[in-house]
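Notes for the structure review
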Amino acid sequence: MTGAWRHLLRALHLKTLSLWNPKTCFSLSAGAFWTSVTRCGLHSKPSMPPCDFTPERYQSLAYSRVLEIHKQHLSPGHTAYFPEPLLLYQGHMEWLFDHEGNRYLDFFSGIVTVSVGHCHPKVNAAAQRQLGRLWHTSSVFFHPLIHEYAEKLSALLPEPVIFLVNSGSEANDLAMLMARAHSNSTDIISFRGAYHGCSPYALGLTNVGIYKMDLPHGMGCRPTMCPDIFRGPWGGSHCRDSPVQTTRKCSCAPDCCQAKDQYIEQFKDTLNTSVAKSIAGFFAEPIQGVNGTVQYPKGFLKEAFELVRERGGVCIADEVQTGFGRLGSHFWGFQTHDVLPDIVTMAKGIGNGFPMAAVVTTPEIAKSLTKRLLHFNTFGGNPMACAIGSAVLEVIKEENLQENSQEVGTYMLLKLAKLRDEFEIVGDVRGKGLMIGIEMVKDKVSHQPLPREEVNQIHHDCKCMGLLIGRGGLFSQTFRIAPSMCITKPEVDFAVEVFRSALTQHVERRAKQ
């Protein structure tokens, strides 16, 4: 079914063909079901938009057996959302289905990964076609798909040399190595609140407390203040590149930002006190993801890049979450800051959920690496990944998904900003395109994070009404919204009404305490 026809079906509001009731709140038992429905049913649930897809009936492991296996044989680290984790079974575009057939609007897309929609027909067809032809060769042999993909990706960047790998962490590991090989220096700077991966090397760049260890790792990495214009010491009403600004006031002229200047002074302080005279580089996400969609003052990265290059360092843009049109106005996040990095890392949306990543750099930096190391990657650029990656690029272009991100994302940001004005606990709404953060606070004066258990309840209520969103921030206080780029305005309307209902329920619970 073509994208145009699928949108026409939605416009006609065809009824869902789901075999099960999509409004049933997820549960494990009859007792849990009625408790959950009572809790989620304080208000009438917003009407879920139609879905032109019929999921298969679940016929795999019982939920209780899944829990047993997970407890016995998988990592004991707690990463799953909700006390009763969702057991998801099937996906279609922006929709997900659990093992009981309940339907959810996915507004987190596998942690900002499913860029063009779950099981997009064109991406599926490319994967299935290649699956029957050739899975793997390794880079000791050539295959046409890696060259076809390299040609498509290189057209989106200036004179690039491409290294294909498998994950964002691996891409950032390689970028660190490139920066040090090219600069002959060691120190690398990254922001507090940054997330650049959880591999032993990239952990040094990541500055979120739960990802830090009390053992040596990531040597030579230095944190610097994050120029957070909502939670940081400086910020105003015109600072960020977003349809929605903070409620903080300032007296800056249109072409001046005092907050940016103050944060640049802090960056200079890091350069003068915490690193050697010559440095290897500086990593930055164009918008911080894990830290809760944190945006910097306009012009900050441009000045910071100049300062880094004066010290002999290279500038690395981590586009793992911001790339491939998600921000709407530009294909790459770094373009929104009017900068050109020396190295760009990318993953997640590059393969729509298939393990794939890339490091793109200049010919000079690539040569600096290969003079010191014969870089080899067994699975990087395998035929399956390249077939899928090519299909993703084609879909983004053919279905105008970057433009959709701009239009629908701006529409959603402006609607969410009204909730900020309506509810005392919504401290900030921010973002660009389809990368959005909603920071929850005790009150708008103190900006203290809303307690985790209260945020958990709001999160759970949204799930019960059929909306899946993510979490972020140093205290898990920020809701992260990053749906697939194929979403429509009616689906945004539903999501905003669900969130409004969850906030209203929270306010009523507070009033009863």
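Residues numbered from 1 in each chain as written. Predicted model: local features only at pLDDT ≥ 70, side-chain atom pairs only at ≥ 80, totals over all residues. Heavy atoms only, no water.

**Quick word on the packing of helix H6 (residues 144-154) against helix H11 (residues 383-398)**
Running from amino to carboxyl end, H6 crosses H11 at an angle of 35°, the nearest separation of the two axes being 8 Å. Two packed elements cross with a definite hand, and for H6 against H11 that hand is left-handed. Contacts between H6 and H11 involve Leu145, Ile146, Tyr149, Lys152 and Leu153 on the former and, on the latter, Pro383, Cys386, Ala387, Gly389, Ser390, Leu393 and Glu394. Split into classes, the residues belonging to the contact of H6 with H11 amount to eight nonpolar, two polar and two charged. (Axes fitted to C-alpha atoms, helices over the stretch in contact; angles between N-to-C directions. Helix = DSSP H or I, 4+ residues; strand = E, 2+ residues; numbered from the N terminus. Left-handed = near helix turned anticlockwise from the far one by under 90°. Contact = heavy atoms within 4.5 Å. Nonpolar A, V, L, I, M, F, W, Y, C, P; charged D, E, K, R; others polar.)

**Examining the sheet that holds strand S11 (residues 426-432)**
Spatial ordering of the open sheet is given by S11-S12-S15-S14, a layout of four strands whose pairing is antiparallel. Here the strands that pair on one side only, and so sit at the sheet edges, are S11 and strand S14 (470-472). Neighbour-to-neighbour, the strand axes of the sheet open up by a mean angle of 25°, direction not taken into account. Bridge count between strand S12 (residues 435-440) and strand S15 (residues 478-481): four bridges; the pairing is antiparallel. Within S15, the position partnered with isoleucine 438 by the bridge is phenylalanine 479. With respect to the sheet, helix H13 (residues 452-464) is in contact with S12, S14 and S15, its orientation differing from that of S14 by roughly 160°. (Pairing = 2+ DSSP bridges.)

**Details of the pairing of strand S1 (residues 88-92)**
Where S1 lies against strand S2 (residues 95-98), four bridges are found, and the strand directions are antiparallel. By the bridge assignment, leucine 88 is partnered in S2 with aspartate 98. In sequence, S1 turns back onto S2 through a hairpin of two residues, with methionine 93 there showing a positive phi of about 55°.

**What to know about the nonpolar core**
Among the nonpolar cores identified, the biggest contains 100 residues, and Phe107, Phe282, Phe324, Met346, Met440 and Phe499 are the most heavily contacted of them. Ranked by residues supplied to this core, first place goes to H11 with ten residues. Residue contacts for phenylalanine 282: discarding those within four places in its chain leaves Ile188, Ile189, Phe191, Phe267, Leu301, Ala304, Phe305, Val308, Val314, Cys315 and Ile316. Core analysis: the next-biggest nonpolar cluster, separate from the first, contains 23 residues, Phe163, Cys221, Phe283 and Ala347 among them. (Core = buried A, V, L, I, M, F, W, Y, C linked by side-chain atoms within 4.5 Å. Buried < 20%, exposed > 50% of the residue type's maximum accessible area, 1.4 Å probe, protein only.)

**What about the packing of aromatic side chains?**
Here the structure, examined in full by the defined rule, presents 15 aromatic pairs. Their ring planes at 45° and their centres at 5.8 Å tell us that phenylalanine 53 and phenylalanine 97 sit as a pair that is tilted. Placement of the pair is phenylalanine 53 in the loop between helix H2 (30-40) and helix H3 (63-73) and phenylalanine 97 in strand S2, with a sequence separation of 44 residues. Residue classification places phenylalanine 97 among the buried residues on the basis of a relative accessible area of 1%. (Phe/Tyr/Trp six-rings, centres within 6.5 Å; stacked < 30°, edge-to-face > 60°.)

**A look at the sheet that holds strand S4 (residues 161-165)**
One open sheet accounts for seven strands, arranged S4-S10-S9-S8-S7-S5-S6; its pairing is mixed. Whereas interior strands pair on both sides, the edge strands pair on one side only; in this sheet they are S4 and strand S6 (221-224). Between one strand axis and the next, the sheet turns through 20° on average, direction left out of account. Sheet contacts for helix H7 (residues 168-183): S4, strand S5 (188-191), S6, strand S7 (281-284), strand S8 (314-318), strand S9 (343-346) and strand S10 (357-361); angle to S10, the most-contacted strand, approximately 25°.

**Topic: the packing of helix H8 (residues 258-273) against helix H9 (residues 300-310)**
Remark: H8 packs on H9, axes separated minimally by 10 Å, with the N-to-C direction vectors making an angle of 25°. Classified by the interaxial angle, the pair formed by H8 and H9 is roughly parallel. Viewed along their axes, H8 and H9 form a crossing whose handedness is right-handed. On H9, the residues that touch Lys260, Asp261, Tyr263, Ile264, Phe267, Lys268 and Leu271 of H8 are Phe300, Glu303, Ala304, Leu307 and Val308. Here the contact of H8 with H9 is built from residues that sort into eight nonpolar, no polar and four charged. (Parallel < 35°, antiparallel > 145°, perpendicular 65-115°, else oblique.)

**Notes on the pattern of salt bridges**
Using the criterion set out here, one finds 22 salt bridges in the structure. Where arginine 500 meets glutamate 422, a salt bridge forms, and the shortest distance between an N and an O atom there is 2.3 Å. Of this pair, arginine 500 sits in helix H14 (residues 489-512) while glutamate 422 sits in helix H12 (residues 401-422), placing them 78 residues apart in sequence. The class of arginine 500 is partly exposed, set by a relative accessible area of 23%. Three or more residues joined by partner-sharing salt bridges are found here, namely Arg231, Arg240, Asp428, Arg430 and Glu439. (Salt bridge = Lys/Arg side-chain N within 4 Å of Asp/Glu carboxyl O.)

**Notes on the confidence of the model for the protein chain**
Averaged over the protein chain, the pLDDT score is 91; the fraction of residues at 70 or greater is 92%. Every residue in residues 1-39 is under pLDDT 50, and counting partners more than four places away or in other chains gives 76 contacts. (pLDDT = per-residue confidence, 0-100.)

**Here we look at H11**
With 16 residues, H11 ought to run about 22 Å at 1.5 Å a step, and its terminal C-alpha atoms sit 22 Å apart, in line with that. Within H11, 13 of the 16 residues are buried, which leaves it mostly tucked inside the rest of the structure. (Expected span 1.5 Å × (residues − 1).)

**With respect to the layout of surface pockets**
Any empty space left between atoms is shown by rolling a water-sized probe over those atoms. In this structure, the second largest pocket spans a volume of roughly 440 Å³. Elements with a minimum of two residues in the lining of the second largest pocket: H6 and S4. Partitioning the lining of the second largest pocket into residue classes produces nine nonpolar, ten polar and no charged. (1 Å grid on protein atoms, 1.4 Å probe; cavity = no way out; pocket = protein on both sides within 12 Å on 5 of 7 lines; lining within 4 Å. Points joined across faces, edges and corners; volume = space filled by probe spheres on them.)

**A short note on the environment of arginine 430**
Along the polypeptide, arginine 430 turns up in strand S11. Note on arginine 430: relative accessible area 2%, which makes it buried. Remark: the alpha-carbon pair of arginine 430 and glutamine 295, spanning 135 residues in sequence, is separated by 7.7 Å. Separated by 2.9 Å, the side chain of arginine 430 and the backbone oxygen of threonine 293 make a polar contact. Within polar-contact distance, the side chain of arginine 430 engages the side chain of aspartate 428 at 2.8 Å. (Polar contact = N/O pair within 3.5 Å; in protein donor to acceptor, adjacent residues only side chain to side chain.)

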